[in-house]
Amino acid sequence: MKTETQDTIKPVLILGAGPVGLGAAMELARCKIPSILIERNERTSWHPKTRNFNTRTMEIARGWGREIYDELRQLDLPPQWKSPIRFADSITGEETGHIVSKGFMGAGPELSPVNSVLSSQDQLEPVMLREIRRSGMVDVRFQTEMIEFIRGNAEDATEVEIKVKDKASNQVYSLVGSALIAADGAGSGMREKLGVTMEGTFKIAHFMNCYFRADVEQYARNRPGILLFVANKRAEGVLQPLDAKGRWLCQIVVPESQWSTETFPKSRAEQWIRDAVGVPDLSVEVLSVGKWQMNAVVGDKLQQGRVLLMGDAAHMFPPTGGLGVNTGLQGMHNAVWKLALHLRGLAGKGLLETYTIERKPVSKWVAEQSFHNARQVAQIGARTRLKEKLKSQWLANVVSWAAFKARGLPALSTGDVVVYDNGGGDSIGGLTSGTRYTVEAVDEMRVRLLSAPNSYVSLDLTQATGTAHSLRLAFNAATAVRPAGQAEIIDLGYVHGFQTGQAVVYSNGRSEEHTSELQSRLHLVCRLLLE
């Protein structure tokens, strides 16, 4: 095996000057391998995206030198803004709950000598770029993009060749390198050229990403946190502090039909922010609005010949957990030392192939865990929305009413679920036609329906109204059976004795055949039990 020296190794070509591309250039420099860093934009990111460099990532950064490590640490948020994760109807409104997020605080000195950093991509990248320039090992070329991949992905490839364009001068020229690292993002052109298939779930959700300045801190001072989720009639999403000094980022959930900056301009973002904070006259300066799609996918291969996919080009995760950029940088760290040994002739290509073998399972686990986290957050958001909705729907009045007598009152008992039908007439006492209510009490002439926690509607059958209203039995509490041909969805409503978060086991006390029918035809809906 021929051994190469630093002077004889051609530079590694790196596509993309995001955190992973910048990190790859620094790691190569640490291994004394030269590189050419190509970025199509004219500078590093000015729109904050990622925020979290976790403990393991900062351990990698420590290897780049004490100077850059200290510079990154200086960007960290104050500790009170690194935990917890909060859920509320608005920043100034009622809090639904919170989760202590110790992971963002770092692993602690008993596990690692380093601390994690929470900042923003537009602050992190310039620090990384300065260290790259100090190394003297990296040729940085902004406003340059790859327009053609010529060779280098064959199994026996010994170098790569691409054609690039200088966007400032329109000059087109070829570059030859010893290898190519594609860290060119979620829309990676290199991934497409290699024919890599992304495995997993696409289009989980669509978001508008808004970077703004506002004094949100004064309203969140008593309830600070790393992620402030809100859900109300006018605003749903999350607000993220960037420096605790007025710089903020927010992620706004939108339907795919509204997923564009044309339908979601800065003016709409400003109003969303005011509604999310709960301050109608809040002074807001929207600096930029972008968009992104939530996916949980991993490439079927991360390396082909002398080409390696890294970062979002290799995998895309929901941001719930802050594992995207960290998995990218940690995967980069796994690959670069192997690439360096291979380029020096000290290891065969088998070592390079372990990049996929080792990092693909990790990436798949992260994708699955991040997707699970996203579903959990969505459930909490749904509960917050439900709570907000119920505030305007709770009924506390007593209704005198006997229209059921003419139609025939079902044989009801406490715990049954009934469906109210107004027969096309006016609703009585705020009851909603087609809605299910739990029977809280019943006697010969009255039915008391539980419409919300500690709120009831009493139907008095002694006072006829002549209106063709009716109750239909949807769920019989005594037999746990839905009458044949009745409602497909059984809503148990606010059943007494349960608490939020409890697990329940359903039993119908009947045959396995009937259980199968219930499993195939029914959806049991458990609503949030509010205080």
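Residues numbered from 1 in each chain as written. Predicted model: local features only at pLDDT ≥ 70, side-chain atom pairs only at ≥ 80, totals over all residues. Heavy atoms only, no water.

*Asks:* Where do I start with the overall build of the chain in this structure?
*Replies:* Along the chain, the regular secondary structure elements total eleven helices and 27 strands. Residues counted as buried form 51% of the 531 residues belonging to the chain. Accessible area of the chain: about 24600 Å², with a carbon and sulfur share of 49%. (Helix = DSSP H or I, 4+ residues; strand = E, 2+ residues; numbered from the N terminus. Buried < 20%, exposed > 50% of the residue type's maximum accessible area, 1.4 Å probe, protein only. Areas by Shrake-Rupley, 256 points an atom, 1.4 Å probe, with all protein chains shown as cover.)

*Asks:* I would appreciate a short explanation of the packing of helix H2 (residues 55–63) against helix H8 (residues 324–343) in the present structure.
*Replies:* A packed helix pair is summarised by two numbers, namely the angle formed by the two axes and the spacing between the axes. Following both chains from N to C, one finds H2 and H8 inclined at 45°, their axes separated by 9 Å at the closest point. One element, H2, and the other, H8, form an angle in the oblique class. Viewed along their axes, H2 and H8 form a crossing whose handedness is left-handed. When H2 is examined against H8, the residues Arg56, Thr57 and Ile60 are found in contact with a partner set consisting of Asn326, Leu329, Gln330 and His333. When the residues that make up the contact of H2 with H8 are grouped by side-chain class, the tally is two nonpolar, four polar and one charged. (Axes fitted to C-alpha atoms, helices over the stretch in contact; angles between N-to-C directions. Parallel < 35°, antiparallel > 145°, perpendicular 65-115°, else oblique. Left-handed = near helix turned anticlockwise from the far one by under 90°. Contact = heavy atoms within 4.5 Å. Nonpolar A, V, L, I, M, F, W, Y, C, P; charged D, E, K, R; others polar.)

*Asks:* I'm lost on the pattern of salt bridges in this one. Help?
*Replies:* Between side chains of opposite charge, a pair can form when the charged atoms approach closely. This model, assessed by the stated rule, comprises 22 salt bridges. Lys82 is the salt-bridge partner of Asp76, the closest N and O atoms lying 2.9 Å from each other. Sharing partners across several salt bridges, the network here consists of Glu67, Glu71, Arg130, Glu131 and Arg134. (Salt bridge = Lys/Arg side-chain N within 4 Å of Asp/Glu carboxyl O.)

*Asks:* Sorry, what's going on with the nonpolar core here?
*Replies:* The nonpolar side chains of soluble globular proteins are, as a tendency, buried together. If you look at the biggest cluster of nonpolar residues, it comprises 68 residues, and the most contacted ones within it are Val12, Ile162, Leu180, Ile181, Met190, Met310 and Leu339. Here this core gets eight residues from one element, more than from any other, and that element is H8. Setting aside residues up to four positions removed in sequence, Leu180 forms contacts with Leu13, Leu15, Val160, Ile162, Met190, Arg306, Val307 and Leu308. By size, the runner-up hydrophobic cluster in this structure holds 37 residues, among which are Ala235, Cys250, Ala276 and Val289. (Core = buried A, V, L, I, M, F, W, Y, C linked by side-chain atoms within 4.5 Å.)

*Asks:* Whenever I open this one, the packing of aromatic side chains confuses me. Can you help?
*Replies:* How two aromatic rings sit relative to each other is given by the distance of their centres and the angle of their planes. Evaluation of the coordinates by the stated rule reveals three aromatic pairs. With 5.9 Å between their ring centres and 85° between their planes, Trp81 and Trp248 make a pair best called edge-to-face. With Trp81 in the loop between helix H3 (66–73) and strand S4 (85–88) and Trp248 in strand S15 (residues 247–254), this residue pair connects regions lying 167 residues apart in the sequence. The residues Trp81 and Trp248 share a single accessibility class, namely buried. Residues Phe87 and Phe229 carry aromatic rings whose centres are separated by 5.1 Å and whose planes lie at 10° to one another, so their mutual orientation is stacked. Of this pair, Phe87 sits in strand S4 while Phe229 sits in strand S13 (residues 227–231); the two residues are 142 residues apart in sequence, bridging distant segments of the chain. We note that Phe87, like Phe229, is buried. (Phe/Tyr/Trp six-rings, centres within 6.5 Å; stacked < 30°, edge-to-face > 60°.)

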